[in-house]
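# Coordinates in review
Listed below are the residues making up each chain.
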Amino acid sequence: MRHLYIYIKSAALAAVVALGAASCADFLEIEPRDIVTEDNFWNEKADIDQMVAGCYASMQSEDFINRCIVWGELRSDNIYPGANVENEHYDLYQALRENLLSTNQFTKWASFYTVINKCNTIIRMAPVVSEKDPSYRESDVKATIAEMTALRSLCYFYLIRAFEDVPFYRESVQQEDEVQYLPASSFDYILKEIISDLEGVKGDAIARYPITNQDNIGKSYNSNCNRITRYGIDAMLCDMYLWSGEWDKAISVAEEILAAKAADFKEFYSEQTGSSRSSDAPREMAPAPYGRVAYLYENTRQSPSLSFDAIFGTGNSFESIFELSFNYSSSNKNYVKSTGLGRLYGSGNSDKDLGPTNQGSGFLTVRPDIVSDLKQKTNAYFQHVYDLRYYNSIQPANNEFGEGTIRKGVAQRFNIQGNAGSADIPFINTESSNFTLDREFDRNWIIYRVTDVMLMEAEAYLQKATDEVNETNTELMHKAFDLIYLVNRRAISEENRKIATNAPALATRALMITFLMQERNRELMFEGKRWFDLVRYARRDGKPDIVRSNVPSSKTVGGSSANNGFPSMAHLFWPYNKEELKVNPNLSQKMIYKNEATEGIEMNK
Amino acid sequence: MKTLRYYITLCLMLVSSLAMAQISRISGTVSDDLDVLPGASVAEVDASNRVVNATVTDMNGNFVLPIKSAKNQLRVSFMGYKTQMLPINKTTYKITMQDATKTMTEVQVTAKKKMKTSGLAIPEREVSFSAQGISAKEFEGLGITSVDEALQGRIAGLDIVMNSGDLGSGTSMRLRGASTVSTLTSNEPLIVVNGNVWNVDLSDFDVATANDEKFAQLLNVNTEDIDDIKVLKDAAATAIWGSQGANGVIEITTKRGSRGAPKVTYSLKLTMTHQPDGIKLLNGDHYTMLLKESYFNPEQNTYVGQVRELNYDESDSEFLMFNKNTDWVDLVKQNGLRQNHYISISGGDEKTLFRISGGYDHETGTIIEQKLNRFSTRMALDYYVNDRIKIISNFALTYTKNNRNYDGLLGIAYKKMPNLSPYRYEYDQYGNEYNTGEYYIVPRYAFTDHGQLTAAQSNNFNDQRDLHNPLASAKYAKNDQTTYDITPELELEYKLLGLDDNSHQLRYNGRVVMNVYNDYTDKSFPSSLVTNNYWDTGSAYSYSRKNLAFTTTHTLTFQPHFKNEDHYLLAMGRFQLVSGSSSSQSTDVYRLPDRLQSVTSGGFVSGMSSGFNEWRSLYYTFSTHYSYKSRYSADFSMRVDATTKFGPNNRWGYFPALSGRWNIIDEPWMKWARDKVKVSMFSVSPGWGLVGNPPGADYLYLNSFSQGQRYLNQVSMNPSGLKLTDLKWENIYTWNLGVDLKFFDDRLMFRLDLYRRTTKDMLMANAGIPTSNGWSGLNYKNVGDMKNEGWEFQINGERLLKKGKFSADVYVNFANNRNVITKMDPLVLENLNIDWTENNRSVLQRVQLNNPFGSIYGFRYKGVYQYNYDTARDIARADIKAGTDQLQKNIDERGWTYPIVLNADGTYVRDSHGDPIQMRFAYKTDKGTGYAFKGGDAIYEDINHDGNINQLDIVYLGNSLPKLTGGFGFTLHYDRWQLRANFNYRLDYDILNMARLDMESMISNNNQSEAVNYRWRKEGDVTSIPRAMFGNGTNYNTLISDRFVEDGSFLRLNYLQLNYSFDPKLLKKWHMSTLNLYASANNLFCLTKYSGVDPEIGYGGYGVTTDNSQTPRSKSYTVGITIGF
């Protein structure tokens, strides 16, 4: 009897234990608090919006912006080694010496492929979300797909210009078994694919986003340019057509952009006069027949620097087409500072995370003969003493931050003082407060703006023309000249425009091309364009001579290409990263970079 | 309602009527044969011996006792008499007690000595797995702060290495080698205190650096509270810990109360610690001379060395601060003092056992301004409700406050320029210099004589300026850590069936344990010490973390009773649930005005973060032990783990283990050995088991998304992990064979263990995939297999030599482990092998199949080129003219060295002009010229004689895994004196002495070792130290080479202790029960050829042991006293 009682008790106990076990499946399900899992994601439009923002945000990473600069500008004739780069940034230094090793961190492309895969994922998931969320309409889905296709194409466009052939795919990789080990696809194939992708989605893209004040805290009117618009796609296409050699298409998309800008001017600024005009609004339209381009550069003597502020300082200027918006403040950590720019170009801040320890200058600096005094007329690019772009791009004065530092894209504001019309050379105020960008360092990174497109259009005209002297060619060259001249003229302060009009007579197409290249470099210096321009011309020629003749050999001391000075087209592109090759058996190193490696060391005991 | 009332009334009536029918009170007398017994105990006890009511007899032996229930029994007991149990069946008793002495018959006690682990309590001679224990008595009175120090050198196969000599920096432990490549999976053994795992989340931290935390866990157990430590080594032993015990288990049992009058013990230990001398550094004069040379050499230009810091220029405003000879290391070192106070009270009666203890430690470090305060208390209470039910309650609390240094002072002291003064000096009115007593902080700017603002230090010396003045930093900067560790525990034990070995026993044990661990860090750095920029002022940081975990355990243990007592069976089933959560937050502020030290006092917030983590797991354990005649034993256990780290597919891990033991000595045919050779034990015990490891992260099996930076005021989400579809448990299979041999009633004992541990599907974090997939890698991947094989041998002898009052105990143990990687995903292997970069100090990391971890590769160092190339060329040219062979003679006969290429036979190679060819570094035909070696540069052996020092000249230089580790020791007893000594050793392993490399590299402004005074300075110098060359890229003198690879073998006298305990008879007069006095010395000497301070250095990445000039382990001297009342 007593035993029975105990057995019952133990049975009950066992039951309790078993019960505990039965509910264990639930016990092991915990909802995480700091991440969202796929179980409750991809349900509504907001999820898509947040992922889209994530794409832009990852384009703001230091890795990404650095590569825009390093791939697009660094190897060009504009850039020289800056402060402490030899000791503090080995990879950058090696790249500056043209010693491109597969171990160099700038051969890593992960930051671009991260964006590509995010775009792929959103393109895959947008229709799925649309099915769950009726407020996410079909046209929205299309617009999302267009936007993501544009970002993906832009990333591929960067990659092929840097590496020539790269792995190309459009499928999203979300789980282990979707991981791909792709070989590289060819430059031409990828270019063709991304052009046709963009042409396909162009019509779906949003032309203008609704403007809300919240969108741009402390920024000016045009937040439209912070996301891909239809015109952003046009600008990309225009650029790509120049690489694929489709001149008419390039001209037509450029015209589309210019027409839209003219319409915008009419809508937003024609009514603004006098004191009602916002300080950063464009002043006036260019005279006919180019009434589609607004003058941005301020033309009064006192403060020609306002235009600088509008384009490069505050950002989101009227003439911008696509730029990444940085908006950092120490009180709001959710925004991003453009660390990449600060480190490479110099931030006016000795903060180590914003640049080399030597305060004020970046790891990169300007080629000496671009810094040289305009009065001496020895400057390689800026021939006109009053070319404001010189003062906007470069810090020439000898001041505590050193000489000849890059200012475009990093300085917040310049004061151009002195009487621009007088014999005095306007100089840039060197008060440190003008450069102290502090921790709130947030210059935007401009990818396309109107003058870029105008010069691309001019290039298309010139390429369309032939060396033969005939009426068609003359007309094409005129059209090109007018565009280049317009860009040139608006940058020269008003008092001196008349001098600028005495541009040399450009009789031949070859001279015109040189003039265009110089103008492009003056206008877009340090904006990540110059090296790609050189490579584009070289590809068109099928030989690297144009690079060799432009990049001074003095720049490349001790580097791999230096001895022979860009001996082949292959030398214009970067090697694949060593680590990448290790994990991707289908990707093989380019021939010219093959023998550098430490292959085949066996160190058995 | 009405009916309810009716029922209640009915019940009440029934109860009262029943009660009336029963006996409610009894009375009687108790006497023995002669007389009445006053003071005898009379109690009503229930079926399980629980006392319901009790009384004692009065002067006349009478008693009256109210009775609860007549079903109970009456128990009458009195000291010296046999206890009687009587049924309650009458109201008056006349009880006659019988003298116990008369009834006593011989009783044979057959209880077996049992090994208590948190699994089954198995008789020691039937234990079939590999475990080794150490009793607290062995380390009583040593000047140690935590258990690991006591274990060092005591357990075969447990390799314990001090991380550093800093307060609270802990040790790293490896039981039988590392089991995995993953840096995220810890290789440290599991620590179990009283059967409980410390469930504190460390996921904020990289486990590889979380030694502080591990240490905290050990530190939170006061060594005085420890009763016993067991180290479970093989999988058969640890399998009941499943995935937690993959790296072995250290089980700690704390002391509990014992029956008898309360005993009070107080002990005091005073320990003096000091640091051994490190590398001798240059003084100010030698330093400035070195730097001048170092600046001159690369540029061959005296101008570069003309900097104010080195010039001793009296007109300089800071001259007085740059003309000293400061021994920074001496300034930051001090003698540390540690006081350990400890008091405990223990006692108990039939029903209750208790032990309460409290300890207070105060410690000052061997580096200035380091201070540690610790208060710990532990309470253990056992309450026997009756024979069946026992309630156990434990409570432990440890509070630690560690005032650490903000900066690594010793590190700074080793680097800081010795001509700099720690204090500001000024001229008095007579022009004599005097010390203002104010700490000198090198300002960013100073005024020159012309009143201009100028940099106070040359740009080149910015790095020196940024090394904070260590004295000022120690005094004014704050870095405090406070931790609270609270572990309350409640346990219920219920014997469901029989009460003794003669019946079936079934025991239920339920336990709830709570872990509370909170820690707080407060740091601040005052603006007055900031040197590196001129607008950032003081900063402060505060961090807090809360941890809370509940562990619920249900255990059923069954021990059937067989009629044939040759059979013996034990079985246990256990179910355990763990749930816990932790949250943390931190705030960083900067631009604080001076003297404000708190994050709340204003300033700009530069960083704020918070974290939250939650985890749950669930374990089933089944374990059984069977033995026949105690001669053949077999054990089987199975553990099932479920964790949130895996998705539903792989969530459960199954970890079986099987082991057996054959006590050969019990065989009848071994009688001769028992009788003639006095063998008391000879057994073999093979075992096999499987344990596993889960990955260190949750939700790997799902696509997850986390918030990223905003873009245009839009919150962004980013994919945060590539969904892992086929991640598996990492499994570790272990074979173990143990052989026990004991003589003379176990007084002399030998044990040999052979083992093989195979790790399959090793987990590795961040396994690479092509980044063109848009992901940087897989969070985790099962990448390959690894094998650890080895043996352990131990000898223990108790009271071996015995002569009169003298006796001696000795013990020795040896362990050897061989580690081999047997399989590896080829892509991962490629990826692990980081390329050699042509830089000084860059370590070539190689992980190779069929090779162990921890191999060091590099160049062979052959000294320093005596002469420049030009000198060699000139001789060669002269030779051609004169037809002589002078250059070759110089090389062959005089052994002079030139930076020229030599053939394998030692002849130099000429180019087409007849000139010797200059030796080059990393020359590539298509890419530049490579560095050409010059006089004073390091000579590396040109293994392939191609005139080019490159990766093809890299050879294997050594391995960091020791061939033999272990320890030995002895205890000598003489009367009431005791002398104990313990040694530990590690043999045949190599250390990469990066500390020395940095101290002899002469490429920066950092102070260097005195050895660089022997550097090459001019042509012809014969030395092993190359010339001084400022700048890392200017020279290749400190490539990893055998110059910096040293054998780290050592033998250390871990401790030596002398103990005297007073005669209890004598003490009785002073109303004391014990009085012990002792003195001990720790780390008295260390025999080694290693040139660094201490060869005991922890494991580095992929097993390479690297000396990064950690604070060396201090030497300490302790005196102590223990008093018991």
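Residues numbered from 1 in each chain as written. Chains lettered and ligands numbered in written order. Predicted model: local features only at pLDDT ≥ 70, side-chain atom pairs only at ≥ 80, totals over all residues. Heavy atoms only, no water.

Ranked by size, the top nonpolar core spans 177 residues in total, and within it A:Trp71, A:Tyr156, A:Leu159, A:Leu324, A:Leu364 and A:Trp445 carry the most contacts. The biggest single contributor to this core is helix H8 (residues 138-163) of chain A, with 14 residues. Formed by 42 residues, the second largest nonpolar core is a distinct cluster that contains B:Leu290, B:Leu410, B:Tyr414 and B:Phe1030. (Core = buried A, V, L, I, M, F, W, Y, C linked by side-chain atoms within 4.5 Å. Buried < 20%, exposed > 50% of the residue type's maximum accessible area, 1.4 Å probe, protein only. Helix = DSSP H or I, 4+ residues; strand = E, 2+ residues; numbered from the N terminus.)

Residues and elements named next belong to chain B. The pairing of strand S34 (residues 704-711) with strand S35 (residues 714-721) spans six bridges and is antiparallel. Directly across from Ser704, in S35, lies its bridge partner Gly721. Following S34, the chain reverses through two residues before pairing antiparallel with S35; Leu712 in that reversal takes a positive phi of roughly 50°. (Pairing = 2+ DSSP bridges.)

Moving on to the pattern of salt bridges. Residues and elements named next belong to chain A. Within this structure, the stated rule accounts for 77 salt bridges over all chains. For the salt bridge of Lys529 with Asp452, the shortest nitrogen-to-oxygen distance reads 2.8 Å. Of the two residues, Lys529 is situated in the loop between helix H20 (509-524) and helix H21 (530-541) and Asp452 in helix H17 (residues 450-464); the sequence distance between them amounts to 77 residues. Asp452 matches Lys529 in its accessibility class, with the two residues each being buried. (Salt bridge = Lys/Arg side-chain N within 4 Å of Asp/Glu carboxyl O.)

This part is about the packing of helix H14 (residues 869-882) of chain B against helix H15 (residues 886-894) of chain B. Residue and element names in this part refer to chain B. Relative to each other, H14 and H15 sit at 125°, their axes nearing to 7 Å. As the angle between them shows, H14 and H15 are arranged oblique. Note on element contacts: H15 touches H14 through Gln886, Leu887 and Asn890, opposite Ala872, Ile875, Ala876 and Asp879. When its residues are assigned to classes, the contact of H14 with H15 shows four nonpolar, two polar and one charged. (Axes fitted to C-alpha atoms, helices over the stretch in contact; angles between N-to-C directions. Parallel < 35°, antiparallel > 145°, perpendicular 65-115°, else oblique. Contact = heavy atoms within 4.5 Å. Nonpolar A, V, L, I, M, F, W, Y, C, P; charged D, E, K, R; others polar.)

All names here are of chain A. Relative orientation of the contacting elements H8 and helix H10 (residues 230-244) amounts to 30°, with a least axis distance of 11 Å. Our pair here, H8 against H10, has a crossing hand that is left-handed. Seen from H8, the contacting residues are Ala146, Ala150, Ser153, Leu154, Phe157 and Arg161; seen from H10, they are Ile233, Met236, Asp239, Met240 and Trp243. Broken down by class, the residue content of the contact of H8 with H10 amounts to eight nonpolar, one polar and two charged. (Left-handed = near helix turned anticlockwise from the far one by under 90°.)

Close inspection of predicted coordinates is inappropriate in any region flagged by low pLDDT. Residues and elements named next belong to chain B. Overall, the prediction assigns chain B a mean pLDDT of 83, with 90% of residues at 70 or greater. At the level of individual helices and strands, chain B shows its lowest average pLDDT in helix H1 (residues 2-21), which scores 50, and its highest in strand S44 (residues 938-940), which scores 93. Below pLDDT 50 for its whole length, residues 10-20 participates in zero contacts with residues either more than four positions away or in separate chains. Considering only residues more than four positions removed or in separate chains, one finds that residues 203-213, a stretch of pLDDT under 50, has 24 contacts. Confidence estimates for the predicted assembly give a pTM of 0.77 and an ipTM of 0.83. (pLDDT = per-residue confidence, 0-100.)

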